[in-house]
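Residues per chain are reported as follows:
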Amino acid sequence: MIKSSEDANKYYNLVNQYVDEYVDKWKIKPTNLKNYLLGNKSRLVNFLERKGLKDVGNIDRVVLDVIEDRVAMHNDGVITFENFKLFES
């Protein structure tokens, strides 16, 4: 169970890292990741088990928040500073 803001920050950071891996390393669009993980409960459970987060209460809400944020950023065309530097050169 996530009981404090420190716990929440820890789990948000972990889930952000895991989502970054899928989006950056494997080049999966955030919308496709959302459909894959959140469209099927068993896939979300498998993801949480692989990452060692299955027993954390309300972790599905954290995953939803992080993925929805990535989808919004992708839809708005937000790019990070590192990506901007690539486009500039």
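The structure under discussion appears in the preceding block.
Reading the values: rules and limits
- Residues numbered from 1 in each chain as written.
- Predicted model: local features only at pLDDT ≥ 70, side-chain atom pairs only at ≥ 80, totals over all residues.
- Heavy atoms only, no water.
- Core = buried A, V, L, I, M, F, W, Y, C linked by side-chain atoms within 4.5 Å.
- Buried < 20%, exposed > 50% of the residue type's maximum accessible area, 1.4 Å probe, protein only.
- Helix = DSSP H or I, 4+ residues; strand = E, 2+ residues; numbered from the N terminus.
- Contact = heavy atoms within 4.5 Å.
- Axes fitted to C-alpha atoms, helices over the stretch in contact; angles between N-to-C directions.
- Parallel < 35°, antiparallel > 145°, perpendicular 65-115°, else oblique.
- Left-handed = near helix turned anticlockwise from the far one by under 90°.
- Nonpolar A, V, L, I, M, F, W, Y, C, P; charged D, E, K, R; others polar.

A. Seen up close, the nonpolar core. In terms of nonpolar packing, the biggest core is built from 18 residues, with Val15, Phe47, Leu48, Leu53, Ile59, Val63 and Ile67 touching the most fellow members. Of all the secondary-structure elements, those providing two or more residues to this core are helix H1 (5–25), helix H2 (30–38), helix H3 (41–50) and helix H4 (59–76). Tallying contributions element by element places H4 first for this core, with six residues. Ignoring any residue separated from it by four or fewer positions in sequence, one finds Phe47 in contact with Tyr18, Tyr22, Leu37 and Val63.

B. Molecular detail of the packing of H1 against H4. Packing of H1 against H4 brings their axes to within 10 Å, and their N-to-C directions diverge by 50°. With respect to each other, H1 and H4 are oriented oblique. Crossing angle aside, the handedness with which H1 passes H4 is right-handed. Two secondary-structure elements touch here, H1 through Tyr11, Tyr12, Val15, Asn16, Val19 and Asp20 and H4 through Ile59, Val62, Val63, Asp65, Val66, Ile67 and Arg70. A per-class count over the contact of H1 with H4 returns nine nonpolar, one polar and three charged.

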